[in-house]
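# Architecture at a glance
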Amino acid sequence: MEDKVQALSRKARQEIGEARTLEEVRALEVRLLGKKGEVTGLLKGLGSLPKEERPAAGALVNRLKEEVRDLLEKRREEIKARQKEASLQVPPPDPTEPGRRPDAGRLHPITLVQEELEDVFAGMGFMVLDGPDVELDYYNFEALNIPKDHPARDAHDTFWIEEGLLLRTHTSPVQIRAMERFPLPIRAIVPGRCFRHEVVDASHEHTFYQMEGLVVDRGISVAHLIHTMKTCLRAILERDVEIRLRPGYFPFVEPGFELDVNCPFCGGSGRKGDAGCPVCKASGWIELLPCGMVHPNVLRAGGVDPEEYTGFAFGMGLQRLVMVRYGIQDIRLFMGGDLRFLEQF
Ligand code: PHE
């Protein structure tokens, strides 16, 4: 009996070691430990032994049975581990696969409109100027005919940095800087960021974009202002616009105006179906930008003689213009960084 057990043990060890798949292990298990299996056969054969040999032989066969069971289990674990490792392995790169196109960024709608405007104004002989975001009180207020303690300062909700230094509340300070720096006549636009200490809501942001315009020459009148504004608005709104001027107050222009365009949503009728147009509140007009003739004090601050020269200026809110052009209702979308919004332009 001992020989048989040893022979079977050797054979089982070898065969189990050679099993390559879980199915092969399972087949061996049946062949060795199954009802008609070889180990089971040895157990059955115990009955034919002399009585006194049975306990020792029984113990031997049982140990073999245990050994075989352990071997099978160990082999299973090995095979599973190997399969897992193989599944984790990255397949080699396939050089014939088409490439993945990286997501390209795109221009922000404000930048798009700003660049279009720059083209339109460049076509009319305007320079495109820049100015500092951190500005002196002198340029932001003082030289623009807004002395200390003037109530117009309150409307600007200024972010002060330190005494005399602030984040510019509009692009108008570059009017002065332009007159200081360039010879006359001047035709300039100034696109740029402005800052106001405002509570953010659907139509107010603390950071916003303006485009200042300045023309100074002999004999400049409101007619030049109207023509220039019509030309640029036609180009940017891509339609034939009607405009109107209403009086408006800004210390650095005289006279000052609010410029309105006819509402693009109702065509200026003020009606939408049976109801009033919700966008222009049934007026047919949308308030677009302030403008006016440059105040003599401002010309003087820029070193220009108001007896000889006149000029006009305007301050376009770029966000507002983009909203009118694309029908955008909420100003917060511009700075929100939401790709679903930005990808539409
Ligand atoms: N700077 C003014 C503002 O931001 C706008 C403006 C510019 C008005 C030029 C008139 C002329 O409020």
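What counts as what
- Starting from 1, residues in each chain are numbered consecutively following that chain's sequence as written.
- For this predicted model, a pLDDT threshold of at least 70 governs which residues receive local features, and a threshold of 80 or more governs which side-chain atom pairs are given and counted, while totals over whole chains, interfaces and linings are taken from all residues.
- Excluding hydrogens and water, the side-chain figures rest on all heavy atoms present in the structure.
- Only a single heavy atom is needed: when it lies within 4 Å of a molecule or strand, its residue is near that molecule or strand.
- Two N or O atoms count as a polar contact when they lie within 3.5 Å, although within protein this holds only if one can serve as hydrogen donor and the other as acceptor, and sequence-adjacent residues are included solely when both atoms are side-chain atoms.
- Each accessible area is a Shrake-Rupley estimate made with a 1.4 Å probe; only the visible protein chains count as cover when residues are assessed.
- For helices the rule is a DSSP run of H or I covering at least 4 residues; for strands it is a run of E covering at least 2, with both sets numbered from the N terminus onward.
- In this analysis, the expected span of each helix is defined as 1.5 Å times one less than the number of residues it contains.
- Exposed residues in this analysis have more than 50% of their type's maximum accessible area, buried residues have under 20%, and partly exposed residues fall in between, with area computed by a 1.4 Å probe over protein chains only.
- For this analysis, a ring pair means two rings from Phe, Tyr or Trp (six-membered ring only for Trp) whose centres lie within 6.5 Å, classed as stacked if their planes differ by under 30 degrees, edge-to-face if by over 60, and tilted for the remaining angles.
- The domain boundaries here were taken from an automatic or database domain assignment.
- A side-chain nitrogen of Lys or Arg and a carboxyl oxygen of Asp or Glu constitute a salt bridge if their distance falls within 4 Å.
- Two residues qualify as a contact provided that any one of their heavy atoms is within 4.5 Å of a heavy atom in the partner residue.
- All axes here are fitted lines through C-alpha atoms, helices being fitted over the stretch that makes contact, and every angle between N-to-C directions spans 0 to 180 degrees.
- For classification purposes, an angle smaller than 35 degrees is called roughly parallel, one larger than 145 roughly antiparallel, one from 65 to 115 roughly perpendicular, and anything else oblique.
- Side-chain classes follow a simple rule in which Ala, Val, Leu, Ile, Met, Phe, Trp, Tyr, Cys and Pro form the nonpolar group, Asp, Glu, Lys and Arg form the charged group, and the remainder, Gly included, forms the polar group.
- Following DSSP output, two strands are said to pair if at least two bridges run between them.
- Each crossing is labelled by how the near helix is turned from the far one, with a counterclockwise turn of less than a right angle marking it left-handed and a clockwise turn marking it right-handed.
- Relevant arc is that of directions from the helix axis to the C-beta atoms, nothing else.

### Digging into the site of the ligand
Taken together, 13 residues lie near the ligand, and H170, S172, R196, Q210 and G315 sit nearest. Here H170 contributes a side-chain N or O atom positioned 2.8 Å from a nitrogen atom of the ligand. The side chain of S172 places a nitrogen or oxygen atom 2.8 Å from a nitrogen atom of the ligand. Protein coverage of the free-state accessible area of the ligand, which is 330 Å², stands at 95%. Listing elements by their share of the shell around the ligand, those giving two or more residues are β6 (207–217), β11 (285–294) and β12 (310–317). Ranked by the residues each element gives to the shell around the ligand, the list is headed by β12, at three residues.

### Quick look at helix α5 (residues 109–123)
When the terminal C-alpha atoms of α5 are compared, their 21 Å separation across 15 residues agrees well with the 21 Å that a helix rising 1.5 Å per residue should span. Listed as buried for α5 are P109, I110, V113, Q114, L117, E118, V120 and F121.

### Concerning the packing of aromatic side chains
One pass over the full model with this rule turns up eight aromatic pairs. Geometrically, the ring pair formed by F341 and F345 is edge-to-face, given 5.2 Å between the ring centres and 70 degrees between the ring planes. Overall, the relative accessible area of 22% leaves F345 in the partly exposed class. An aromatic cluster is built from Y326, F334, F341 and F345, whose rings are joined through pairwise contacts.

### Here's the deal with the domain arrangement of the protein
Domains assigned within the protein are domain 1 (2–88) and domain 2 (109–342). The straight-line distance from the C-alpha centre of domain 1 to that of domain 2 is 91 Å.

### Observations concerning the pattern of salt bridges
A complete count under the given rule lists 22 salt bridges for this structure. As a salt-bridge pair, R76 and E29 come within 2.8 Å of each other at their nearest N and O atoms. Within this pair, whereas R76 is found in helix α4 (residues 54–88), its partner E29 is found in helix α2 (residues 22–33), the two being separated by 47 residues in sequence. For the pair formed by R76 and E29, the shared burial category is buried. With a closest N to O distance of 2.7 Å, D338 and R340 form a salt bridge. Judged by relative accessible area, which is 29%, D338 ranks as partly exposed. Classification of R340 as exposed rests on a relative accessible area of 64%.

### A few points about the side chain of S172
Inspection of the secondary structure assignment puts S172 in the loop between β4 (165–167) and α7 (173–181). The contact partners of S172, leaving out residues within four places of it in the chain, are L144, E212 and F252.

### Section: the packing of helix α1 (residues 2–18) against helix α3 (residues 38–45)
At a minimum axis separation of 11 Å, α1 and α3 run at an interaxial angle of 170 degrees. One way to sum up the angle between α1 and α3 is to call them roughly antiparallel. Of the residues in α3, those touching α1 at K4, V5, L8 and K11 are E38, V39 and L42. Partitioning the contact of α1 with α3 into residue classes produces four nonpolar, no polar and three charged.

### Observations regarding the environment of T228
Relative to the elements of secondary structure, T228 occurs in helix α8 (residues 222–237). Overall, the relative accessible area of 8% leaves T228 in the buried class. Between the alpha carbons of T228 and F121 there is a distance of 8.9 Å; along the sequence they are 107 residues apart. Residues within four places of T228 in sequence aside, it is in contact with F121, M124, F126 and F312. Among the polar contacts made by the side chain of T228, one reaches the main-chain carbonyl oxygen of H224 at a distance of 2.6 Å.

### Concerning the pairing of β11
Within a regular beta strand, the side chains point alternately toward one face of the sheet and then the other, so they alternate between its two faces. Counting buried positions over the ten residues of β11 gives seven, a clear majority of the element. The pairing of strand β8 (residues 253–262) with β11 spans eight bridges and is antiparallel. Each bridged residue has a counterpart across the sheet, and for F257 the counterpart in β11 is C291. Bridge count for β11 against β12 is three bridges, and the pairing is antiparallel. The residue of β12 that forms the bridge with G292 is A313.

### Quick notes on the packing of α5 against α8
α8 packs onto α5 with a crossing angle of 135 degrees between their chain directions and a minimal axis gap of 10 Å. It follows from the interaxial angle that α5 and α8 lie oblique. In this structure, the crossing between α5 and α8 has a hand that is right-handed. Of α8, the residues touching α5 (which contributes V113, E116, L117, V120 and F121) are T228, C232, A235 and I236.

### As for α3
Listed in full, the buried residues belonging to α3 are V39, T40 and L42. Projected onto a plane normal to the axis of α3, the buried residues spread over an arc of 155 degrees and lie on a single side. Buried residues in α3 make contact with α1, α2 and α4.

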